[in-house]
Amino acid sequence: MNYTADRPMETKTEKEIAPSERKASKREVVLDVKDLSIFYGNKEAVKSANMGIEKNAVTALIGPSGCGKSTFIRSINRMNDLIPSSRAEGEIIYEGINILRDDINVVALRSEIGMVFQKPNPFPKSIYNNITHALKYNGQKNKKVLDQIVEESLRKAALWDEVKDRLHQSAMSLSGGQQQRLCIARTLAMEPQILLLDEPASALDPVSNSKIEELILQLKEDYSIVIVTHNMSQASRVSDKTAFFLNGDIVEYDDTKKIFTNPSEARTEEYISGRFG
Amino acid sequence: MNSRITDRIATGVFYTIAAIMVALLLYLFYFILSNGLPQVTWDFLTSPSSSYQAGGGIRDQLFNSLYILVITMIITVPLGVCGGIYMAEYAKPGKITNFIRTCIEMLASLPSIVVGLFGLLIFVNITGWGYTIIGGALALTIFNIPVMVRVTEDAIRSVPKEQKEASLALGITRWHTIKTVLLPYAFPGILTGAILASGRVFGEAAALLYTAGLSTPTLDYGNWNPFAENSPLNIFRPAETLAVHIWSVNTQGLIPDVREVANGASAVLVIAVLLFNILARWLGSVIHKKLTAGK
Ligand SMILES: Nc1ncnc2c1ncn2[C@@H]1O[C@H](COP(=O)(O)OP(=O)(O)OP(=O)(O)O)[C@@H](O)[C@H]1O
Ligand SMILES: [Mg+2]
């Protein structure tokens, strides 16, 4: 998909490569964050962050409340554009392009970099229409194709079996955990390359929570995932890489194993152990 | 004085005020309906008004009121909704937006007699139309648009931020998000606002005195050609509405049964406005339930 004025239509070449082929190679960087600073007015919420986010890996962002995790993750699909006072400096390179540029087509960008929010936010429509909402906007009208995509994405989000008999009921009648998986399905239907999850399970009960975790591990096969979480054990279970944020700085970014067993920074250690009690 | 006592006194004061308001309203209804309802017969509703003899009805006035209402809403709703969308979604906070908002508020608070005189100047004299339905509708539009803009803006702003983010994060444009997510969600609020505004339009007299006029040509309800002189649908004919009729029979009526006609017309007017309010509440809650079904 092309999202810049000077780049012609380009097919999703990565998608055509078989997953096995992809996994064999050493993980490449899908998002290269360089000196990223984000301001709200004069307040610097993220301070020249550098981070190479890897393809087909789960990257966890951890850190105390207010340290800039949401700000960081929302800048990747330009959701911060909605906040008039916010401003970004630096670069996020995706497919060779700085997606923070002014002339980026954010609409196309967001369909490649999907986002799921903390609070499940299905539309007050049927389950089916929640998923087709964006597809229809993109001109897909063929009922058969829509049916197929709906089933596929619900299966990927591990929700199909629970809702297949009531696709045309309101999404509001689902439980919180089901709603959140529907939101994930809705995003997957867009066939994004990258999934951004901002505390996707923090509003859910433990069972739904572990379902979402399983789901993330499955989705890793096909997507690059960035997840914000306050749950340390969750971060250690699902992620390959972990970044520890503190007051807008990335204190440490490394393999999850290393961060949780042998962090290089004392502050990381303190935070993690403090959380583990 | 401790805070418990203050709290009690405050609660008591509020209850008293509320009770006074309810009592006033009930008394008003009782007064108007008990005087007026006995006059409201089928004959009263379906016969034309008379100029000199007793026994005239309000058929044309009732039709005119409804027709002006419809024309006004056809003009007001699209403009007001667009304005509201602009104010809620596109206007950047700043001096210009504040200026626009002040203008809208001023417009809303203009006395209706002033709007009527303004209408007389613009829609009657300058255009050379004379007293017309369209002139009346445009005058009513002037103070209805601010209400519609306000109602729409509030309704759109009250859509949860999460809904908007959900749509935008799926790679959907702002305009499409407005159309398919924000407007449907805001619809009950907008509809309620529109119906309440209708109630106001229906009861308006001052703004119509000098724009839609004090008379109605003889109408032929079998003639639906909107360009014919005697067609009720002709928007370039004068049209006395119910509220204007009440005022005119009271101030310059020559009929012997002024009281009866005025009381009956008042009762009809009050019932209509009441119906608008009830309808607004009912529709709003039905649609809201439908939208959030199952919750
Ligand atoms: N819209 C905004 N306007 C101004 N300041 C903001 C805004 N959103 C966030 N901030 C500030 O930016 C800083 C980072 O906020 P952010 O939401 O990114 O933190 P977070 O790490 O996601 O916290 P949490 O774990 O509580 O979600 C905070 O100090 C916050 O007050
Ligand atoms: Mg956050």
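None of these values were measured; they are calculated from a predicted model.

Each value, and the rule that gives it
Residues numbered from 1 in each chain as written. Chains lettered and ligands numbered in written order. Predicted model: local features only at pLDDT ≥ 70, side-chain atom pairs only at ≥ 80, totals over all residues. Heavy atoms only, no water. UniProt positions renumbered as here; feature names shortened; annotations may be inferred. Helix = DSSP H or I, 4+ residues; strand = E, 2+ residues; numbered from the N terminus. Phe/Tyr/Trp six-rings, centres within 6.5 Å; stacked < 30°, edge-to-face > 60°. Buried < 20%, exposed > 50% of the residue type's maximum accessible area, 1.4 Å probe, protein only. Lys NZ or Arg CZ within 6 Å of the ring centre and 35° of its normal. Contact = heavy atoms within 4.5 Å. Buried area = accessible area lost by both parts, 1.4 Å probe. Salt bridge = Lys/Arg side-chain N within 4 Å of Asp/Glu carboxyl O. Polar contact = N/O pair within 3.5 Å; in protein donor to acceptor, adjacent residues only side chain to side chain. Nonpolar A, V, L, I, M, F, W, Y, C, P; charged D, E, K, R; others polar.

Draft legend 1. Local environment of the UniProt feature "domain: ABC transporter" (unreviewed entry) in chain A. In the numbering used here, UniProt assigns the feature "domain: ABC transporter" (unreviewed entry) to residues 31-272 of chain A. Between the end C-alpha atoms of residues 31-272 of chain A the distance is 26 Å, and the span holds 38% helix and 27% strand.

Draft legend 2. How the structure looks around the packing of aromatic side chains. Under the counting rule described, the total for this entry stands at seven aromatic pairs over all chains. Measuring from ring centre to ring centre gives 5.5 Å for Phe-63 of chain B and Tyr-67 of chain B, while their planes differ by 25 degrees; the resulting arrangement is stacked. A residue pair is termed a helical-turn pair when its members lie 3 or 4 positions apart in one helix, as Phe-63 of chain B and Tyr-67 of chain B do in helix 3 (residues 59-90) at four residues. Grouping residues by exposure puts Phe-63 of chain B and Tyr-67 of chain B together as buried. One aromatic cluster is present, built from ring pairs that chain together Phe-63, Tyr-67 and Tyr-221 of chain B. Here the guanidinium or amino end of Arg-87 of chain A rests over the ring plane of Phe-39 of chain A, the centre of that ring lying 4.3 Å away. It is Lys-125 of chain A that lies over the ring of Phe-123 of chain A; its NZ or CZ is 5.6 Å from the centre.

Draft legend 3. Looking closely at the interface of chain A and chain B. Facing the 26 residues of chain A at the interface are 20 residues of chain B. Note on chain A versus chain B: buried area summed over both sides is about 2000 Å², and carbon and sulfur give 66% of it. Taken as a group, Pro-124, Tyr-137 and Met-172 of chain A account for 27% of the area that chain A buries against chain B, more than any other trio of residues on that side. A salt bridge links Arg-74 of chain A to Glu-165 of chain B; the shortest N-O distance between them is 2.9 Å. Taken together, the links from chain A to chain B amount to five residue pairs in polar contact (both at pLDDT 80 or more). Contributions of two or more residues to the side of chain A that touches chain B are made by helix 4 (106-112), strand 6 (113-116), helix 5 (127-137) and helix 8 (176-188) of chain A. The class makeup of the residues in the side of chain A that touches chain B is 13 nonpolar, eight polar and five charged.

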